[in-house]
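What follows is the residue order along each chain.
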Amino acid sequence: MMKEKPMDPFMLSDRLFVKSFRLSKYLANQLIEMLRPLIEDANRSSAIDLKTKVLVALHFFGTGSYQTPMGHSRFTALSQSSVSRCINEVVNALNHPDIFNLWVKFPSNIYELDQVRKKFYTKTRFPGVIGCIDCTHVALVPPSSNLNLIENQHPEYIYVNRKCYHSINVQLICDSDLKILNVNALFPGSTHDSHVWNNSSVLPLLQDLYTNGLNNIYLLGDSGYPLRPWMLTPIANPTTEAEEYFNKQQMSTRSIIERCNGVLKGRFRCLLKDRTLHYKPEKVSQIINACVVLHNLCITYNLPEFVDGENITDFGIYQAPLGVAENNDLNLRNRDLMMGRRQRQKIIQLLQNRNNREEI
């Protein structure tokens, strides 16, 4: 009896293709061609072709299903070990600097920064914003207790976050279109958001811009971040209408990063808490980066948000109480903190003046 040939996924309807692989057929083909120089294609009849490798990985990223059931689907009659190799090859390719740095990049010059700022203002009417920042947790199985530089750089308990599960604490910065400008997926779940930020490649860039006179742009963050001229946070205890209005506008604009996180994890559900990635921390970080590249690809090509009716209740963002980082500043005479308060006060006044004019 002849073995039934696996069905070509591109013969599916457009709706079922997106449901299975999260990308449109056109975008999946674009991705296959993009990765062709980095992934070996089949060179013998029994080998796995590039298209299958990419679709296997996309299905895993999108559904969060572990490898065995997905590998035995009607699309790919593959063993679990073959599926694992497919995912590994695609993850490595998406993390290659030629791909990752092309699709995930913070504005690199004044023109690009100004374009991001203008789009934020058009959409939110909050001046000076060049990005919204927050951290989100991606669950993983408890890492090995073998502490070494090759397998695991941190003790297992360091990965337990304040919600009591093992995770990577992932910093995201996005623009007003929900495109992710920067991702840092290197820190264990117990790491505070402000520590991740203090070790971010974006921080020295913004500090240098401020030092060189570009002092009218900043990120918006929650109260887990330190108030600085380049990082505006909410006021812990607003005492005036102007301060309350600032908080309302700041939080409304900052909600863009929460929506970005929701779109990212809603499309690529391997990142959801209840899917728990069964990989070592280093590989989990690479999977996160790979999903961010694919997310930006979808945003760039205007692919609609993926919605299928599943009730997702935990997207891994846990807000800090108001004023945490600001009140924990060891030196309240810190010059950067003082300049941050001055910057925030300037925006409070600007927003209030505009609001007063509009009410007349």
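Residues numbered from 1 in each chain as written. Predicted model: local features only at pLDDT ≥ 70, side-chain atom pairs only at ≥ 80, totals over all residues. Heavy atoms only, no water.

1. As for the overall build of the protein
Phase 1 of the analysis: In terms of helices and strands, the protein carries 13 helices and five strands.
Phase 2 of the analysis: Counting only residues that meet the buried cut, the protein has 53% of its 360 residues in that class. (Helix = DSSP H or I, 4+ residues; strand = E, 2+ residues; numbered from the N terminus. Buried < 20%, exposed > 50% of the residue type's maximum accessible area, 1.4 Å probe, protein only.)

2. Brief notes about the nonpolar core
Phase 1 of the analysis: By size, the foremost hydrophobic cluster in this structure holds 104 residues, and its most contacted members are Leu31, Phe61, Leu94 and Trp197.
Phase 2 of the analysis: Aside from chain neighbours lying at most four places away, what touches Trp197 is Ile133, Gln171, Ile173, Val202, Leu203, Leu206, Leu219, Tyr225, Pro226, Trp230 and Met231. (Core = buried A, V, L, I, M, F, W, Y, C linked by side-chain atoms within 4.5 Å. Contact = heavy atoms within 4.5 Å.)

3. Describing the side chain of Thr136
Phase 1 of the analysis: Within the element layout of this structure, Thr136 appears in strand β1 (residues 129-139).
Phase 2 of the analysis: Of note is the side chain of Thr136, whose polar atom sits 3.1 Å from the side chain of Asn261.
Phase 3 of the analysis: One polar contact links Thr136 to Lys265, side chain to side chain, over a distance of 2.7 Å. (Polar contact = N/O pair within 3.5 Å; in protein donor to acceptor, adjacent residues only side chain to side chain.)

4. Some points on the packing of aromatic side chains
Phase 1 of the analysis: Tallying each qualifying case throughout the model produces seven aromatic pairs.
Phase 2 of the analysis: Both rings, one in Phe60 and one in Phe61, keep their centres 6.2 Å apart while their planes meet at 55°; by these two values the pair is tilted. Both residues of the pair, Phe60 and Phe61, belong to the buried class.
Phase 3 of the analysis: Here the aromatic residues Phe10, Phe17 and Phe21 are joined through ring pairs into a cluster of three or more. (Phe/Tyr/Trp six-rings, centres within 6.5 Å; stacked < 30°, edge-to-face > 60°.)

5. Points about helix α5 (residues 80-94)
Phase 1 of the analysis: Between its terminal C-alpha atoms α5 stretches 21 Å, which fits the 21 Å expected from 15 residues at 1.5 Å a residue.
Phase 2 of the analysis: All buried positions along α5 are accounted for by Ser82, Val83, Cys86, Ile87, Val90, Val91, Ala93 and Leu94. All buried residues of α5 fall inside an arc of 170° around its axis, so they share one side. (Expected span 1.5 Å × (residues − 1). Arc of directions from axis to C-beta.)

6. Remarks on unusual backbone geometry
Phase 1 of the analysis: Of note, the phi angle at Arg125 is positive, near 65°, even though the residue is not glycine.
Phase 2 of the analysis: One can find Arg125 in the loop between α7 (110-124) and β1.
Phase 3 of the analysis: Notably, Thr276 is not glycine yet its phi reads approximately 35°, a positive angle.
Phase 4 of the analysis: Mapping Thr276 onto the fold places it in the loop between α10 (241-267) and α11 (281-300).

7. Some remarks on the layout of surface pockets
Phase 1 of the analysis: There is about 410 Å³ of room inside the largest pocket.
Phase 2 of the analysis: Lining the largest pocket are 22 residues, with Lys105, Val116, Asp175, Lys179 and Leu181 sitting closest to its centre.
Phase 3 of the analysis: Elements represented by at least two residues in the lining of the largest pocket include exactly α6 (97-103), α7, β3 (180-188) and α11.
Phase 4 of the analysis: Among the residues forming the lining of the largest pocket, the class breakdown is 10 nonpolar, six polar and six charged. (1 Å grid on protein atoms, 1.4 Å probe; cavity = no way out; pocket = protein on both sides within 12 Å on 5 of 7 lines; lining within 4 Å. Points joined across faces, edges and corners; volume = space filled by probe spheres on them. Nonpolar A, V, L, I, M, F, W, Y, C, P; charged D, E, K, R; others polar.)

8. Let's talk about the confidence of the model for the protein
Phase 1 of the analysis: Looking at the protein, pLDDT values average 89 and 86% of them are 70 or higher.
Phase 2 of the analysis: Note that residues 67-72 has pLDDT below 50 and, in this model, 16 contacts with residues that lie over four places away or in other chains. (pLDDT = per-residue confidence, 0-100.)

9. A short note on the sheet that holds strand β2 (residues 167-174)
Phase 1 of the analysis: The mixed open sheet is built from five strands, whose spatial order is β3-β2-β1-β4-β5. Across the chains shown, the open sheet's two edge strands, defined by having one partner strand only, are β3 and β5 (231-232).
Phase 2 of the analysis: Of the strand pairs in this sheet, β2 and β3 are connected by six bridges, and their pairing is antiparallel. Pairing of Leu172 across the sheet is with Val183, part of β3.
Phase 3 of the analysis: Most of the contacts of α7 go to β1, to which it runs at about 85°, and overall it touches β1 and β2. (Pairing = 2+ DSSP bridges. Axes fitted to C-alpha atoms, helices over the stretch in contact; angles between N-to-C directions.)

10. Topic: the pairing of β2
Phase 1 of the analysis: Of all eight residues in β2, eight are buried; the element is thus mostly enclosed.
Phase 2 of the analysis: Here eight bridges tie β1 to β2, and the two strands are oriented antiparallel to one another. Counted as the bridge partner of His137 is Asn169 from β2.

11. As for the pairing of β1
Phase 1 of the analysis: Counting buried residues along β1, 11 of its 11 residues qualify, which places the element largely inside the surrounding structure.
Phase 2 of the analysis: Strand direction decides the pairing type here: β1 and strand β4 (residues 218-220), joined by three bridges, are parallel. What sits directly across from Cys132, in β4, is Leu220.

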